[in-house]
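# Structure assessment
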Amino acid sequence: MANKAFTLTDPESGRTSELPVVEGTLGTPGLDIRKLNGEMDVFTYDPAFTATCSCESRITYIDGANGVLLYRGYPVDQLAEKSSFLEVAYLLLYGELPDQGQLDEFVNAITRHTMLNESLTKFFDGFHYDAHPMAMLTGIVGSLSAFYHDTTDIRDPEHREIFARRMIAKMPTIAAAAYKHSVGQPKMYPSNDLDYTSNFLRMLFAVPAERYEVDPIAAKALDVLFILHADHEQNASTSTVRLAGSTGCNPYAAIASGIAALWGPAHGGANEAVLTMLNQIGDVSQVPKFIEKAKDKNDPFRLMGFGHRVYKNFDPRATIIRGYCHQVLEHMGMENHPLFELAMELERIALEDDYFKERKLYPNVDFYSGIIYQALGIPVNMFTPMFAIARTVGWAAHWCEMQNDPGMRIGRPRQIYTGSPKRDYAPIDKR
Ligand code: CMC
């Protein structure tokens, strides 16, 4: 807490309230308004939380104006270039980069928690073949809460650690199984001799009847994408996990609530929406028409994969992944594929258009991630589960941080009521 404070005065009664300034290590400070309601009988009003800090956190820092993203202080571009997804997972969970022994132990533990309880795998059979994988992910992860009663004492740090590791380890297995169910293929067991992303690609694409060789360029691109998606401070799904977690609910259930929140097209569902949009546009010649539609206030159409609540100049993740996007397209011999030509034309025109420039609407990470996933042959309805696999690390890190905070209380926003004033019930024949 800093000693600076703002004073708020009620112009009618003259009552005042001191609002102390809360400083972090970096970034915009916050006003502590907790006493405001008691002292002034007024709430603050901030729908969509555009100006509200819901917690203190040491995990991730974003400077939206300057396109900065730090995990535990480390710039995400350095991590994307030099680290690996599991090393980044360790960093986000424990706060420091591991030494070799710590990393080996962590990777080994994650690798050995990848299998699912056989009873759990039967749950997939209850889903219709065309269920969206995100629906299966939400249901299956929620049902993990029925499996680990003995290790989910949320007050026990060891139990919290087992939960986090188990969740990170099992998510790729669950996501791949959801896909296999939707195409009617046998589910593949994890293979402990492969690294995290290679193992996922094998579980997704291999069939027991054939040998499967993992493409190292695909595995590397996926590893970088997972690093870039691993955490993003108090985004909608992480805030959902924190809010659910603040009630003391089972941690797997809290993660399931985050998966549900991620699914929406304004959040993690954007990568799938990008491909749906590109298919809807259909041809390069149609790009100007759709740009006009996106600018038309009477048309609900938006350019998916453009714009961000926090990044108003550029999305640093998009800058990194754009390079990989071109590399993957080239590797797959798909640079001249009509869909990708279309995407590149959309990017070019939107970046030159005044509407997008004035509103600072730049391609975000999901514009490029959707294109990479498509080039790697990942089915469109699996795009958002890919995001979920990576973001599980952030959700688990935030849940653990919150449970470790002795001052944690149930999250409970207030509202401005705009409904009817008090009125009396009228019998049905008098209405
Ligand atoms: N296409 C056309 N116009 C847009 C778009 C877009 N994609 N995004 C914002 N605008 C306009 C919007 O109409 C508004 O215009 P005006 O000021 O004239 O009314 C202005 O830009 C500000 O938009 P907003 O809706 O107030 O911005 P927001 O911060 O509430 O929403 C957003 C951010 C990401 C939800 C939004 O930009 C959007 O819907 N983008 C498309 C979906 C998308 O790509 N989402 C993925 C975000 S990155 C992954 C993640 O973190 O989950």
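Shown above is the structure to which this text applies.
What counts and what doesn't
- Residues numbered from 1 in each chain as written.
- Predicted model: local features only at pLDDT ≥ 70, side-chain atom pairs only at ≥ 80, totals over all residues.
- Heavy atoms only, no water.
- Near = heavy atom within 4 Å.
- Polar contact = N/O pair within 3.5 Å; in protein donor to acceptor, adjacent residues only side chain to side chain.
- Areas by Shrake-Rupley, 256 points an atom, 1.4 Å probe, with all protein chains shown as cover.
- Nonpolar A, V, L, I, M, F, W, Y, C, P; charged D, E, K, R; others polar.
- Helix = DSSP H or I, 4+ residues; strand = E, 2+ residues; numbered from the N terminus.
- Salt bridge = Lys/Arg side-chain N within 4 Å of Asp/Glu carboxyl O.
- Buried < 20%, exposed > 50% of the residue type's maximum accessible area, 1.4 Å probe, protein only.
- Arc of directions from axis to C-beta.
- Contact = heavy atoms within 4.5 Å.
- Pairing = 2+ DSSP bridges.
- Core = buried A, V, L, I, M, F, W, Y, C linked by side-chain atoms within 4.5 Å.
- 1 Å grid on protein atoms, 1.4 Å probe; cavity = no way out; pocket = protein on both sides within 12 Å on 5 of 7 lines; lining within 4 Å.
- Points joined across faces, edges and corners; volume = space filled by probe spheres on them.

### Brief notes about the site of the ligand
- Around the ligand sit 22 residues in total, of which His 267, Arg 302, Leu 303, Gly 305 and Arg 309 are the nearest.
- Between Ala 266 and the ligand, the recorded distance is 3.3 Å, taken from a backbone N or O atom to a nitrogen atom.
- Contact between the ligand and Arg 302: an oxygen atom at 2.9 Å from a side-chain N or O atom of the residue.
- Within the complex, 76% of the 940 Å² of free accessible area of the ligand lies under protein.
- Here the residues of the shell around the ligand sort into 10 nonpolar, 6 polar and 6 charged.

### Focus: the environment of Glu 233
- Relative to the assigned elements, Glu 233 resides in the loop between helix H9 (216-229) and helix H10 (236-245).
- Once the C-alpha coordinates of Glu 233 and Asp 125 are considered, the two residues, 108 residues apart in sequence, prove to be 35 Å apart.

### Points about the pattern of salt bridges
- As enumerated under the stated definition, the model contains 13 salt bridges in all.
- Asp 32 is paired through a salt bridge with Arg 34; the nearest N and O atoms lie 2.9 Å apart.
- In this structure, the salt-bridge partner of Glu 213 is Arg 211, at a minimum N-O distance of 2.8 Å.
- The exposure class of Glu 213 is exposed, given its relative accessible area of 56%.
- Owing to a relative accessible area of 75%, Arg 211 belongs among the exposed residues under this scheme.
- Here the salt bridges share partners, and the residues they tie into one network are Glu 105, Glu 161 and Arg 165.

### Topic: helix H13 (residues 287-295)
- When we look at burial in H13, the residues that qualify are Val 287, Phe 290, Ile 291 and Ala 294. For H13, the buried positions fall inside an angular range of 105° around the axis, keeping them on one side.
- Against the buried residues of H13 lie helix H12 (270-281), helix H15 (338-352) and helix H16 (354-358).

### So, the sheet that holds strand E3 (residues 30-31)
- Taking strand neighbours across the sheet as the criterion, the 3 strands line up as E1-E2-E3 in an open arrangement whose pairing is antiparallel. Single-partner strands in this sheet number two, and they are strand E1 (5-9) and E3.
- Two strands pair when backbone bridges link them, and strand E2 (residues 16-22) and E3 are joined in this way by 2 bridges, in the antiparallel orientation. Directly across from Val 22, in E3, lies its bridge partner Gly 30.

### What to know about the nonpolar core
- Tyr 71, Leu 303 and Leu 346 are the most contacted members of the largest nonpolar core, which totals 120 residues.
- Looking at this core, the element that brings in the most residues is helix H18 (residues 383-403), giving 13 residues.
- Leaving out residues up to four positions away in the same chain, Leu 303 has contacts with Met 277, Ile 291, Ala 294, Leu 346, Ala 350 and Phe 356.

### Some points on empty space enclosed by the protein
- If you walk through the whole model with that rule in mind, you get 1 cavity of 30 Å³ or more.
- One number sums up the size of the largest cavity: a volume of about 30 Å³.
- For the largest cavity, the full set of lining residues is Gly 307, His 308, Tyr 311, Phe 314, Asp 315, Lys 360, Tyr 362, Pro 363 and Asn 364.
- Residues belonging to the lining of the largest cavity are distributed by class as follows: 4 nonpolar, 3 polar and 2 charged.

### Topic: the pairing of E2
- Relative to E2, E1 runs antiparallel, the two being bridged by 5 bridges. Within E2, the position partnered with Phe 6 by the bridge is Leu 19.
- In this structure, the hairpin formed by E1 and E2 is closed by a connection of 6 residues, where Gly 14 is found at a positive phi of approximately 80°.

### Describing unusual backbone geometry
- Look at Asp 41: it is not a glycine, yet its phi comes out positive at around 50°.
- With respect to the secondary-structure elements, Asp 41 resides in the loop between helix H1 (36-40) and strand E4 (60-63).
- In this structure, Lys 360 takes a positive phi of about 55° despite not being glycine.
- Residue Lys 360 is classed as partly exposed on the basis of its relative accessible area, which comes to 36%.

Take it as geometry only, folks, not as evidence of what the structure does.
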